[in-house]
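Chain by chain, the residues run as shown.
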Amino acid sequence: MDTYIYPEYEVVRDTDKCIACRVCERQCSNGVHRYDADLGKMIADSDRCVNCHRCVCLCPTHALKIKKSEDTYRINANWDGQTMNEIYRQANSGGVLLSSMGNPKPYPIYWDKMFINASQVTNPSIDPLREPMETVVYLGKHTVDIERDANGKIKNNLPPQLRLSMPIMFSAMSYGSISYNAHASLARAAEELGIYYNTGEGGLHRDFYRYGKNTIVQVASGRFGVHKDYLDTAAAIEIKMGQGAKPGIGGHLPGKKISVEVSATRMIPQGVDAISPAPHHDIYSIEDLRQLIYTLKEATAYQKPVIVKIAAVHNVAAIASGVARSGADIIAIDGFRGGTGAAPTRIRDNVGIPIELALAQVDERLRQESIRDNVSVVVAGSVRSSADVVKAICLGADAVYIGTAALLALGCHLCRSCHTGKCNWGIATQDKELVKRLNPDIGAKRLVNLMHAWNHEIQEMMGGMGINSIESMRGNRLMLRGIGLTEKELEVLGIHHAGEAM
Amino acid sequence: MKRIYVNEQWCLGCHLCEYECAFANSGETDMVKALKGKKMGTDLLPRIRVEDAEDGSHFAVNCRHCTDPRCVNSCISGALSRDEEGMVVIDRDKCVGCFTCILVCPYGAIMPSGGKPVQKCMLCTDNAAGEPNCVKHCPNNAIVYEER
């Protein structure tokens, strides 16, 4: 604890309502709550509170709430409280500031600056409850030369595809950064929904091989847990070049999170820090990337699509063009608001660009170069609702990855303390007592509910536009209009301003 | 018949079920009014209790509604019986408070109620909850009410 910093959030207890059942005390891994026998009541130490809301949610009489502290330094538009506290924290620790989950800074959210179109009078809208509405999408290389056999029949030479019942997948979150039960929930939900979840770079626990047909396995710079069975089991292989929350840097899973199971799954020693290097040490060019892509394709007999995941950075369109020519079947782009289990705060909050702009430019560039159909484009980096999904597809995405939204469905309250490993919701922790708080029966059900809800909403919005398949919505930027955007922003997004006609 | 079962694997030892049980059987409609200022074990006598073991495991215990219930067999006043569904029921008017059932129950699922008659879990059929309140409020599906 830093004596220079007043707690940012305060635990407020309504003593009239508190029945001293001590549920809050038992559920807090940070030791905030305590029953004081002398005082005969519950007391709280706000200094330890991370504002995860576990106690608030479980308090049976709603006697608890967490408030932003009203304590303020002298008002200063340049040196705000957060900035000052970060200085105090670093002066105290001497360390790099660490943060979790996505960039929380008030940068523009372009999803919220775009409106979706609807049909009126001259073009009929479609009622998704009465008419078929296709949300299935196939990801992979769609262009092939037509070849015929000796009898003149067309040969099926279509490269491997991923079939998604809806244009949404669960993004890469490693076993290690999140718990066994969180992975179990994602895997089960992906299977039931007919979509995919992604192992992240932490390998695949042996118990989850049975969900292989709904699993995307990742090959990252640390090569953790990569072996023949791992690749064979998966539906697709993703090469992770970068992550939206921390473009340009690697990863660091602290040794205390490397339990027996995590160690076995990652194929690394127990209790020793797991370092993912910043670059792949064998990739310094598109040609090098091509070698890894074809190594993986060769190893899996060309049966599985290969995804290349990159972070949205300044030159993303040119990079994506290179990736599209490197043999990748799918490009995943992760925007600067993407989540993480731990990242240096300065990197997370200052590096990269918004996914909406990156997506628009990548789609545009691939079209200009006539290679758009050689790859599918999947975007990630804070897709928060079905409306964001629809806007992403209109901007040119084939599908989206959701990470944070999926974790919220599992109970995450965005306290952004994943890096402490003491997640009270049983998600970002390896502590057995905490992990069991996430029952995958409940977790999988909630994920399935969320995806069903979004899929219904996507169908409603598509129907409103008079569009009956995701295919016809993809890259259909005339269905979007900007609001409060500059000429340049509209140009980058490739959309008109609200009020402008076709 | 449907019984209350506990999945030990998912029991967090939060003890919410004890308070929800005590509330459901209090006759009050407001939890604060029902439980405020009362101490678990002395003022509050829920019909479900959570056992917390040293090894970190937790297990909520209440009446199993045995098919051959020792409590019913040992009841001297005929207050305990099995109904046609198989639920072990207590007629509190008939109970003479001899506590023989408390002695013979291997689960400790029958307990004094503070007055003369003993008490046990009646699956919330004897209060206004309508369905087992411990099951309804278990945050992790550790307590379930189902046919097995």
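What you see is a predicted model; the values in this text were computed from it and never measured.

Participant: Looking at this structure, how should I read the domain arrangement of chain A?
Facilitator: Think of interface size as the accessible area that goes away when the parts come together; that is how it is often given. Residue and element names in this part refer to chain A. One can read the domain layout of chain A as domain 1 (9-95) and domain 2 (137-146 + 155-472). In this structure, domain 1 and domain 2 have C-alpha centres spaced 34 Å apart. With 13 residues of domain 1 at the contact, the number on the domain 2 side is ten residues. Each partner contributes to the roughly 1100 Å² buried at the junction of domain 1 and domain 2, and carbon and sulfur atoms together form 47% of this total.

Participant: Just to check I follow, could you spell out the sheet that holds strand β12 (residues 236-240) of chain A for this structure?
Facilitator: Strands in a sheet are paired, the pairing made by backbone hydrogen bonds, and the direction either parallel or antiparallel. Residue and element names in this part refer to chain A. Spatial ordering of the open sheet is given by β9-β19-β18-β16-β15-β12-β11-β10, a layout of eight strands whose pairing is parallel. In this open sheet, the two edge strands, each paired with only one partner strand, are β9 (168-170) and β10 (197-198). Bridge count for strand β18 (residues 376-380) against strand β19 (residues 399-402) is two bridges, and the pairing is parallel. When the sheet's bridge partners are listed, V379 is paired in β19 with V400. Lying over the sheet, helix α8 (residues 316-325) contacts β15 (306-311) and β16 (330-334), oriented at roughly 165° with respect to β15.

Participant: What is the right way to read the sheet that holds strand β21 (residues 496-497) of chain A from this model?
Facilitator: Residue and element names in this part refer to chain A. Pairing is mixed across the open sheet formed by three strands, whose spatial order is β6-β20-β21. Two strands in the sheet have a free side with no partner beyond their single neighbour: β6 (114-116) and β21. Alignment of β6 against strand β20 (residues 480-482), held across three bridges, turns out to be antiparallel. Across the sheet, F115 pairs through a bridge with R481, a residue of β20. Contacting β6 and β20, helix α11 (residues 386-395) runs over the sheet at an angle of about 95° to β6.

Participant: Just checking my understanding: could you explain the packing of helix α4 (residues 180-193) of chain A against helix α14 (residues 440-465) of chain A for this structure?
Facilitator: In helix packing, the relevant descriptors are the interaxial angle and the interaxial distance, both defined with respect to the helix axes. Residues and elements named next belong to chain A. Closest axis-to-axis distance for the α4/α14 pair is 8 Å, and the angle between their directions is 45°. Put simply, α4 runs oblique to α14. Our pair here, α4 against α14, has a crossing hand that is right-handed. From α4, N181, A184, S185, L186, R188, A189, E192 and L193 reach across to α14, where they touch P440, D441, G443, A444, L447, V448, M451 and H452. Partitioning the contact of α4 with α14 into residue classes produces nine nonpolar, four polar and three charged.

Participant: Would you mind going over the packing of helix α7 (residues 286-299) of chain A against α8 of chain A with me for this structure?
Facilitator: Residue and element names in this part refer to chain A. Relative orientation of the contacting elements α7 and α8 amounts to 40°, with a least axis distance of 9 Å. Between α7 and α8, the angle is such that the two are oblique. Regarding α7 and α8, the two cross each other, and that crossing is right-handed. Between α7 and α8, the residues in contact are I286, L289 and R290 and I319, G322, V323 and R325, respectively. For the contact of α7 with α8, a count of residues per class yields four nonpolar, one polar and two charged.

Participant: Can you walk me through the interface of chain A and chain B in this structure?
Facilitator: Taken together, the contacts link 22 residues of chain A with 20 residues of chain B. Of the roughly 1700 Å² buried at the junction of chain A and chain B (both faces included), carbon and sulfur atoms supply 59%. Looking at the side of chain A facing chain B, the largest losses of area belong to I19, R26 and K436 of chain A, adding up to 32% of the total buried there. Summed over the shared surface of chain A and chain B, the number is zero salt bridges. In this assembly, chain A and chain B are joined by seven residue pairs in polar contact (both at pLDDT 80 or more).

Participant: Explain the domain arrangement of chain B to me, please; I cannot follow it from the model alone.
Facilitator: Residues and elements named next belong to chain B. Looking at the assigned domains, one finds that chain B contains domain 1 (1-62 + 122-148) and domain 2 (65-120). Using only C-alpha atoms to locate each centre, domain 1 and domain 2 end up separated by 19 Å. With ten residues of domain 1 at the interface, the matching set in domain 2 holds 17 residues. Across the domain 1/domain 2 interface, buried area totals approximately 1100 Å², and carbon plus sulfur atoms make up 62% of it.

Quick notes on the rules
Residues numbered from 1 in each chain as written. Chains lettered and ligands numbered in written order. Predicted model: local features only at pLDDT ≥ 70, side-chain atom pairs only at ≥ 80, totals over all residues. Heavy atoms only, no water. Domains from an automatic or database assignment. Contact = heavy atoms within 4.5 Å. Buried area = accessible area lost by both parts, 1.4 Å probe. Pairing = 2+ DSSP bridges. Helix = DSSP H or I, 4+ residues; strand = E, 2+ residues; numbered from the N terminus. Axes fitted to C-alpha atoms, helices over the stretch in contact; angles between N-to-C directions. Parallel < 35°, antiparallel > 145°, perpendicular 65-115°, else oblique. Left-handed = near helix turned anticlockwise from the far one by under 90°. Nonpolar A, V, L, I, M, F, W, Y, C, P; charged D, E, K, R; others polar. Salt bridge = Lys/Arg side-chain N within 4 Å of Asp/Glu carboxyl O. Polar contact = N/O pair within 3.5 Å; in protein donor to acceptor, adjacent residues only side chain to side chain.

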